[in-house]
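# Architecture and fold: a report
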Amino acid sequence: MDHREGHVMTYQADERRYERQPYNRSGRSGLKLPAVSLGLWHNFGDNRPIENSRAILRRAFDLGVTHFDLANNYGVPYGSAERNFGRILREDFAAYRDELVISTKAGYDMWPGPYGEWGSRKYVLSSLDQSLKRMGLEYVDIFYSHRPDPETPLEETMGALDRAVRSGKALYAGVSNYSPEQTAQAARIMRELGTPLLIHQPSYSMINRWIEDGLLDTLEEAGMGCIVFSPLAQGLLTDRYLQGVPEDSRAATSRFLSSDRIDRELARDLDEIARTRGQTLAQMALSWAMRDPRVTSVLIGASSVKQLEDNVACVDGPAFTEDELAAIDKVTELRSAGGR
């Protein structure tokens, strides 16, 4: 299909894009999300070629991925992922805006001084305005409080989310990295304000199972969806580390990962289970994270079109047998004890 050779040709989305993956309702809301969503945390900043980012986004949409997840400080430097996404949106996806769910967040370090992070009304709403400007959007579909602020009343942070929705700058509100107790409290405040929380975005993987200890129950009770990030444990649950740590890998180069966390034996044991299912380790890890119906969507990153295609193919995997789930539990139980 020559329209994908570069953006010289006008992009036309694949007509069969909605046949490629399931769409799940987020909690008790009216919004459905694709089973696999694309996160723009690592591969969409100014340190990556824009044409690679464009190719990944085009292919994702052609594969039925309608949800693109950002945050104010994604990309190198901060803000560059939103800016680059905004450019591609304008040049390639303008005609498809109403088919896309675009999210962003405020909570982590973004600009200098006391108003550049956490959960104050000033920071949260200023950050949203900046994000909209970078992306060239009038509104985002989901706006998150990226982390709880221990020093700001939850009523203030939630009030800012409520204001974002009422002002038309966001259609839905969500939270990320909140504990079960904080989530229940936030959901109660937002319900009283009249802007129910749509969704929670926690970390979750086969070796990081903290959401099973209360959070999923809390979300079900509150009618909220769940979209999980780092379902591949930032690459640990892929074939990348089966033979060791490549020099160019995230474990070797990122401050978020260190090579001493790589457990090759664990990955190899899980890889054996995946092979019997006809899946790669990454595909099985994604399928596993989706096995609970309360998980609305899994967020993947992608550094190439091929990696994207391989991971999105997880939706074609078989259902898990009880024996497979028990085998995975046995392999991972020692590693998953560490919580977040």
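Residues numbered from 1 in each chain as written. Predicted model: local features only at pLDDT ≥ 70, side-chain atom pairs only at ≥ 80, totals over all residues. Heavy atoms only, no water.

As annotated in an unreviewed UniProt entry, the chain carries the name L-glyceraldehyde 3-phosphate reductase and comes from Nonomuraea rubra. Here the chain is described in UniProt, under the heading Sequence similarities (unreviewed entry), as follows: "Belongs to the shaker potassium channel beta subunit family." (UniProt positions renumbered as here; feature names shortened; annotations may be inferred.)

This part takes up the confidence of the model for the chain. Residues with a pLDDT of 70 or more make up 90% of the chain, whose mean pLDDT is 92. Of all secondary-structure elements in the chain, the lowest mean pLDDT belongs to helix α7 (residues 250-253), at 54, while strand β6 (residues 140-145) reaches the highest, 99. Of the regions scoring below 50 in pLDDT, residues 1-7 engages in 16 contacts with residues more than four places distant in sequence or in other chains. Note on residues 258-262: pLDDT is under 50 here. Beyond four places in sequence and across chains, it has ten contacts. (pLDDT = per-residue confidence, 0-100. Helix = DSSP H or I, 4+ residues; strand = E, 2+ residues; numbered from the N terminus. Contact = heavy atoms within 4.5 Å.)

Turning our eyes to something else, we now look at the side chain of R277. One can find R277 in the loop between α8 (264-276) and α9 (281-289). Polar contacts involving the side chain of R277 include one to the main-chain carbonyl oxygen of A319, which spans 3.4 Å. Those residues in contact with R277 that sit more than four places away from it in its chain are M284, S287, P318, A319, F320 and E324. (Polar contact = N/O pair within 3.5 Å; in protein donor to acceptor, adjacent residues only side chain to side chain.)

The next thing to look at is the packing of aromatic side chains. Taken as a whole, this structure holds ten aromatic pairs when the rule is applied. Ring pairs connect the aromatic residues Y11, F61, F68, F85, F93 and Y96, which therefore count as one cluster. For the cation-ring pair, K105 lies above Y144, with the distance from its terminal atom to the ring centre recorded as 5.6 Å. Above the plane of the ring of Y115 lies K122, whose end atom (NZ or CZ) is 5.6 Å from the centre. (Phe/Tyr/Trp six-rings, centres within 6.5 Å; stacked < 30°, edge-to-face > 60°. Lys NZ or Arg CZ within 6 Å of the ring centre and 35° of its normal.)

This part is about the sheet that holds β6. What the eight strands build is a closed barrel, ordered β3-β4-β5-β6-β7-β8-β9-β10; its pairing is parallel. If you compare each strand with its neighbour and ignore which way they point, the axes differ by 30° on average. Pairing geometry for strand β4 (residues 67-69) and strand β5 (residues 101-106), over three bridges, is parallel. Counterpart to F68 in the pairing with β5 is I102. (Pairing = 2+ DSSP bridges. Axes fitted to C-alpha atoms, helices over the stretch in contact; angles between N-to-C directions.)

Further remarks concern unusual backbone geometry. A cis amide bond, omega -5°, links V76 with the succeeding residue P77. Note on placement: P77 falls in the loop between β4 and α2 (80-93). Despite not being glycine, A233 has its phi angle at roughly 50°, a positive value. Its place among the elements puts A233 in the loop between β9 (225-228) and α7. On the basis of relative accessible area, A233 is assigned to the buried category, the value being 10%. Of note, the phi angle at Q234 is positive, near 55°, even though the residue is not glycine. One can find Q234 in the loop between β9 and α7. (Buried < 20%, exposed > 50% of the residue type's maximum accessible area, 1.4 Å probe, protein only.)

This part is about the nonpolar core. Ranked by size, the top nonpolar core spans 92 residues in total, and within it L38, M158 and L197 carry the most contacts. Of the residues forming this core, the biggest block, seven residues, is contributed by α9. (Core = buried A, V, L, I, M, F, W, Y, C linked by side-chain atoms within 4.5 Å.)

Here we take up the pattern of salt bridges. Under the counting rule described, the total for this entry stands at 26 salt bridges. As a salt-bridge pair, R209 and E212 come within 3.2 Å of each other at their nearest N and O atoms. The partly exposed category is assigned to E212, whose relative accessible area is 34%. Shared partners join several salt bridges into a network, and the residues in it are E51, R54, R58, R87, E91 and D92. (Salt bridge = Lys/Arg side-chain N within 4 Å of Asp/Glu carboxyl O.)

For the rest of this paragraph, the subject is empty space enclosed by the protein. Throughout the structure, instances matching the rule amount to two cavities of 30 Å³ or more. Put simply, the second largest cavity is a space of about 30 Å³. Lining the second largest cavity, in full, are A187, R191, P196, L197, A222 and M224. When its residues are assigned to classes, the lining of the second largest cavity shows five nonpolar, no polar and one charged. (1 Å grid on protein atoms, 1.4 Å probe; cavity = no way out; pocket = protein on both sides within 12 Å on 5 of 7 lines; lining within 4 Å. Points joined across faces, edges and corners; volume = space filled by probe spheres on them. Nonpolar A, V, L, I, M, F, W, Y, C, P; charged D, E, K, R; others polar.)

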